[in-house]
Amino acid sequence: MATKKGGAHGHHSARSSERRDEPKRRTRGNGEGAAAETVSAGHGPRAFWSGTITFGLVSVPIDLYPAVRARRAPMRMLGPEGRLLQRRFYCSVDEEALTNDEIVRGYEWPDGSFTIVTDDELDALAPRKSRDIDLQRFVSRDEIPPKLLERPYVLAPAGDSTKAYRLLAHTMERSRRAGIATFVMRGKEYLAAIFAEGGLLRAATMRFSDELRTPDSIGLPRARKSGADDHSIEIALAKLKADDLDREALRDDYTDALLALAEKKRDENRDVVEIEERAREDDEESADVIDIMSVLKERMGAARAPARASAGEGAKRSDQGTSERRASSKPVHGSRSRRRTREGTSSRP
Amino acid sequence: MTTRAMWKAEVDIEDLRIPVKLYAAVADASVHFRLLHAKDHAPVKQQMVDPETDEPVAPEAIRRVIEVDRGTYVVIKPEEQAALEPKPSRSIAVERVVSADKIDERWFDRPYYLGPDGDDDAYFDLARALEKNSWIAIAHWAMRKKRYAGALYGSDGYLLLDTLRSTQDVVQIESIRPPAEGAPDPREIKLAEQLIGTLEDRFDAAAYKDEYREQVLALLEAKSRGKVVRFPKAARRKPTDSLLRDLQASLKGGRRASGGD
C-alpha cells in the first residue's frame, strides 16, 4: 500500500508488490523512483547471492534465493505503433537524451547544493565487513517481531558437502532457535535472521529498529496495561480460532482475474498484439525464475552429479546485462560453476 | 512529532466493530540520491520512448499490455482494470485467528500501526487479547483500490497490521526433505547444540545499527568538505574441512582449526 512510485514511473503494477525482487540498495535512489533504480540496478529482478554462514568456527557455504516470486502479471507499456516502449533519461534543462555514463548520483543538502558520489565510492564502503553471515547470536524464534521482517530467502547448500548445512539446520530446528547476523550483500549491510524448518535453512533480512516508527513517535495514546473485565473481544476472537493458516484465503484473486481476462481476450482474439521477439532484449522486467525447487532437490539429494561448467559461464552470471538474464533463468547446475559464481557475485545488482 | 493517519477503518470481528486509524510503521531512513546530468548537474527526468523512432510517447497514447504467451500481448483497457478493483470499504474483516507460530517470515510484507479512533477501550482490549494469547488474526480489507490480506497482532500493548504476501507469491519448499542418508552424526549434534547454547541470547533489535548507512553519510560529509575517503576490503573465510574439529575448537574458544582469518 505505501509502496513508492516514481514520477514518470510507468510500472502501473498489477496489484502485486511494486518492490523489486532483490534487496534494494536502499541508500540509492528511491526518491527518484524508477530513474534511480534502473540505473543502479540494471535490469531485471534477480537476487542471487553466495556466501558463508559461520557459527563458531564452522563454515556453511550457501546460495541465497528469493523466497518470493516475481510479479505474475507485469504490465508493459505499448506505444501507438504497436511497439513496447522503453524508458529513457533526459536532462531536465537541455532535454538531451542521456546514456547511463552521462548520469551521476547526487546527494542534495538542505541548502540545495549537491555532493556527487560515484558507484565506486559507494562500493568501497560496503565490503569492509566480510561476506560471511556470522551467527554470533541465537535467539528464540518467537522473539523476532514480524514488523522487522523485510525480504525472505531460501538458503541452498553450496560447496561439495551438505554436512555442515544439515547439522546447523537440524540443531537450530530442534532447539527452536533463529540465528541473528549482520552481513553484506550486493553492496549493502543487512541485518538478517536465519531460520530452520524441515531440514532447510531460510533467511529474512530485517529492518533496523530506527527504520520503524514507534507508538510514541506516531502519537498514539499511552497503552493501558491493566485489563478491563470485558472479555467480549477475546471471546469473539476465540470463536475464529483455527489450527492452521488457510492458504486459499491468502490467494491473490486480483491477479488471477487479470490474467483470466487477458487469456479470455486472447482466445476471443480481442486486443491481441504480436510483438517480435527481439523487442524483448531491452525489456525492463522479464520473468526471471530460478527454479528453487530443483536447485534444492539437487543439492540436498544424495546423488549430486558434479557438472562441468566453463569459466565463461561463471563469469557471465556475475554480469548484470540484459542478455544474461536468459542464461540465468535456468536452474544452476553443478557445484563448480557455483563456486566460480561465488567469486563473481559480489558486485552490486 | 506525530504521524498522520493514512486511512480510517474499523476492525470487524464477528459482530464487533472497533474503529481504528492506520499509520505506516516504516519510516524511511535511507539516504536518497538524485540522478543528475554529469555535465551540468541538472536533474534527470525520464520518458517512455518508442525504441524504433526514439520519439517520446505521450502518456495518453500509452496502452497497458500483459504478455499471455511468449511474444503475444493483450491490451488491458483502463475500464477493464477498474472493473476488477474492489469496492471501497472501511472494514478490516477478521476471518480467522491462528497461533503466531503458524505464519512464518515468508508471508510478512509491510507493517502498519493501528491506533484507536474513538473507542480506546476496545482498541486496547483487542491488542491485549491478541498479545496475551500469542494470536495473529488474519484479516482482509480493501484500501485505495487494492485488496489486502494482513496479520493483525498485539505488540507492547498496541495493534500492528502487517500486509501478507499472497499464496502464489510465496515460494513453497515444504515438499523438499533432506534424504535419510547423510543425517548429522549424534556427536556433532551434541557439540552443535552446546555451541548454539553458548551463543544464546535475547533478541535486541536496538543493538543493531545500519553502519553502512552511517558510512554513506560520513562519506557524503567528507566529500562535501573536499576529503578523499578510503576503506579497506575484507577477506573471506575458507570452508570447513573437519566439522568435528571445528565444533570442538569453537567450544574451546580456540582459533580456527582449518585456517582462514
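Conventions and cut-offs
- Residues numbered from 1 in each chain as written.
- Chains lettered and ligands numbered in written order.
- Predicted model: local features only at pLDDT ≥ 70, side-chain atom pairs only at ≥ 80, totals over all residues.
- Helix = DSSP H or I, 4+ residues; strand = E, 2+ residues; numbered from the N terminus.
- Buried ≥ 20, exposed ≤ 12 C-beta atoms within 10 Å, placed from the backbone.
- Contact = placed C-beta atoms within 7 Å.
- Nonpolar A, V, L, I, M, F, W, Y, C, P; charged D, E, K, R; others polar.
- Pairing = 2+ DSSP bridges.
- Axes fitted to C-alpha atoms, helices over the stretch in contact; angles between N-to-C directions.
- Domains from an automatic or database assignment.
- Parallel < 35°, antiparallel > 145°, perpendicular 65-115°, else oblique.
- Left-handed = near helix turned anticlockwise from the far one by under 90°.
- Expected span 1.5 Å × (residues − 1).
- Arc of directions from axis to C-beta.
- Core = buried A, V, L, I, M, F, W, Y, C linked by C-beta atoms within 7 Å.
- pLDDT = per-residue confidence, 0-100.

A word on the overall build of chain B. In terms of regular secondary structure, chain B is built from five helices and 11 strands. Its C-alpha atoms put chain B at 65 × 65 × 50 Å along the principal axes. For chain B, the residues scored as buried account for 37% of the 261 residues in total. In chain B, the share of contacts with a sequence separation of at least 24, taken over all contacts with a separation of at least 6, comes to 60%.

Further remarks concern the interface of chain B and chain A. Listed per partner, the contact involves 155 residues of chain B and 166 residues of chain A. Partitioned by chemical class, the residues of the side of chain B that touches chain A number 84 nonpolar, 22 polar and 49 charged. Direction of pairing for strand β6 (residues 103-108) of chain A relative to strand β3 (residues 34-37) of chain B: antiparallel, over a ladder of four bridges. Bridge assignment links A:Gly106 to a residue of β3(B), and that residue is B:Arg34.

Here we come to the sheet that holds strand β14 (residues 272-274) of chain A. Each strand in a sheet pairs with another by means of backbone hydrogen bonds, the pair being arranged parallel or else antiparallel. With antiparallel pairing, four strands are arranged side by side in an open sheet as β3(A)-β5(B)-β6(B)-β14(A). Among the strands making up the open sheet, the edge pair consists of β3 (75-78) and β14 of chain A. Looking at each pair of strands side by side, their axes are set apart by 45° on average, direction ignored. Where strand β5 (residues 63-69) of chain B lies against strand β6 (residues 72-76) of chain B, five bridges are found, and the strand directions are antiparallel. Bridged to B:Ile66 within β6(B) is B:Val74. Seen against the sheet, helix α6 (residues 253-267) of chain A touches β14 of chain A together with β5 and β6 of chain B and runs at an angle of roughly 110° to β6(B).

Let's shift gears to the domain arrangement of chain B. Annotation of chain B at the domain level lists domain 1 (7-26 + 85-164) and domain 2 (186-198 + 207-252). For domain 1 of chain B versus domain 2 of chain B, the separation of C-alpha centres amounts to 37 Å.

One open sheet accounts for three strands, arranged β5(A)-β4(A)-β4(B); its pairing is antiparallel. The sheet terminates laterally at β5 (97-98) of chain A together with β4 (44-49) of chain B, the two strands that pair on one side only. Bridge count for strand β4 (residues 86-91) of chain A against β4(B) is six bridges, and the pairing is antiparallel. Opposite A:Tyr90, over in β4(B), you have B:Lys45 as the bridge partner.

Let's shift gears to the packing of helix α5 (residues 232-239) of chain A against helix α2 (residues 120-133) of chain B. Running from N to C, α5(A) and α2(B) cross one another at 50°; their axes reach a closest spacing of 9 Å. Relative to α2(B), the element α5(A) is oriented oblique. For the pair α5(A) and α2(B), the sense of crossing is right-handed. Two secondary-structure elements touch here, α5(A) through A:Ile233, A:Glu234 and A:Leu237 and α2(B) through B:Ala122, B:Asp125, B:Leu126 and B:Ala129. Residues belonging to the contact of α5(A) with α2(B) are distributed by class as follows: five nonpolar, no polar and two charged.

All right, on to the environment of A:Ala203 then. Residue and element names in this part refer to chain A. Among the secondary structure elements, Ala 203 is positioned in strand β13 (residues 200-206). Placed 70 residues apart in sequence, Ala 203 and Val 273 show a C-alpha to C-alpha distance of 41 Å. The contact partners of Ala 203, leaving out residues within four places of it in the chain, are Leu 64, Tyr 153, Leu 155, Ala 192, Ala 193 and Ile 194.

So, on to helix α4 (residues 211-224) of chain B. In this model α4(B) runs 20 Å from its N-terminal to its C-terminal C-alpha over 14 residues, within 8% of the 20 Å that 1.5 Å per residue would give. Of the residues making up α4(B), those classed as buried are B:Tyr212, B:Arg213, B:Val216, B:Leu219 and B:Leu220. One side of α4(B) holds all its buried residues, which, seen down the axis, span an arc of 115°. Check the buried side of α4(B) and you find it contacts β6, β7 (114-117), α2 (119-125) and β12 (188-197) of chain A. Positive backbone phi, approximately 85°, marks B:Gly226, located one or two places after α4(B).

This part takes up α6(A). The end-to-end C-alpha separation of α6(A) is 21 Å, in line with the 21 Å expected for 15 residues at 1.5 Å each. All of the buried residues in α6(A) are A:Tyr254, A:Thr255, A:Leu258 and A:Ala262. Projected down its long axis, α6(A) carries its buried residues within an arc of 100°, all on one side. Opposite the packed face of α6(A), turned more than 90 degrees from it, sit the exposed residues A:Ala260, A:Lys264 and A:Asp267. Buried residues in α6(A) make contact with β5, β6, α1 (78-84) and β10 (146-155) of chain B. Positive backbone phi, at 55°, marks A:Asn269, one or two positions downstream of α6(A).

What follows covers the pairing of β7(A). Residues and elements named next belong to chain A. In terms of strand pairing, β6 meets β7 through four bridges, oriented antiparallel. Paired with Arg 105 across the two strands is Val 117, which belongs to β7. As consecutive antiparallel partners, β6 and β7 are separated by five residues, and within that stretch Gly 112 has a phi angle of approximately 90°, a positive value.

Our next topic: the nonpolar core. One finds A:Leu168, A:Ala192, A:Ile194, B:Leu126, B:Ala137 and B:Leu152 to be the most contacted residues of the largest nonpolar core, which totals 106 residues. Of the residues that make up this core, three or more belong to each of domain 1 (7-26 + 85-164) and domain 2 (186-198 + 207-252) of chain B. Setting aside anything within four residues of it in sequence, one finds A:Ala192 in contact with A:Ile133, A:Ala181, A:Phe183, A:Ala203, A:Ala204, A:Thr205 and A:Met206. Of all hydrophobic cores here, the second largest spans 16 residues; its members include A:Met75, A:Leu258, A:Ala262 and B:Val74.

A word on the pairing of strand β1 (residues 7-13) of chain B. Residues and elements named next belong to chain B. Relative to strand β2 (residues 16-24), β1 runs antiparallel, the two sharing seven bridges. Residue pairing across strands places Glu 10 opposite Pro 19, the latter belonging to β2. As consecutive antiparallel partners, β1 and β2 are separated by two residues, and within that stretch Glu 14 has a phi angle of approximately 50°, a positive value. Taken together, the three bridges between β1 and strand β7 (residues 91-99) define a ladder with parallel strand orientation. Bridge pairing in β7 links Val 11 to Ile 92.

Right, let's talk about the confidence of the model for chain B for a bit. Residues and elements named next belong to chain B. Counting all residues, the mean pLDDT for chain B is 89, and 91% of those residues have values of 70 or more. Across residues 255-261, confidence stays below pLDDT 50; counting only partners more than four residues off in sequence or on other chains, it has 17 contacts. This prediction of the complex comes with two scores: 0.79 for pTM and 0.86 for ipTM.

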